[in-house]
Amino acid sequence: MKYTFTLHDLDVLTDSKWLTDRERRVLALYYVRGWHIETVAAELDVSRSTVDTVLRSIREKADYILGQSAAKAG
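Summarised in this report is the structure supplied together with it.

**Side note on helix 1 (residues 7-15)**
No. 1: Burial in helix 1 covers these residues: Asp9, Leu10 and Leu13. Projected down its long axis, helix 1 carries its buried residues within an arc of 100 degrees, all on one side. Opposite the packed face of helix 1, turned more than 90 degrees from it, sit the exposed residues Leu7, His8, Asp11 and Asp15.

Below, the structure written as structure tokens:
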């Protein structure tokens, strides 16, 4: 399931103290730049499953940071 975030949501998430540096980097590459998971994994020199795990963590934190209604499945 692909989440879609507004530009405002992405700004709020990027500035959030709850995200780790790695989560911010994945957020920027995957959601802002629109890279594929495999490309993000290659750029960060990690496995695809690591990127999947980080994306899952971002979505869970986004639900908390933005509220349940802000992060919508697209």
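Still more to cover.
**Here we look at the side chain of Ser16**
No. 1: You can see Ser16 is positioned in the loop between helix 1 and helix 2 (21-32).
No. 2: Under the relative-accessibility criterion, Ser16 is labelled buried at 7%.
No. 3: Each residue touching Ser16, except ones within four places of it in the same chain, is listed here: Arg24 and Ile65.

Conventions and cut-offs
Residues numbered from 1 in each chain as written. Predicted model: local features only at pLDDT ≥ 70, side-chain atom pairs only at ≥ 80, totals over all residues. Heavy atoms only, no water. Buried < 20%, exposed > 50% of the residue type's maximum accessible area, 1.4 Å probe, protein only. Helix = DSSP H or I, 4+ residues; strand = E, 2+ residues; numbered from the N terminus. Arc of directions from axis to C-beta. Contact = heavy atoms within 4.5 Å.

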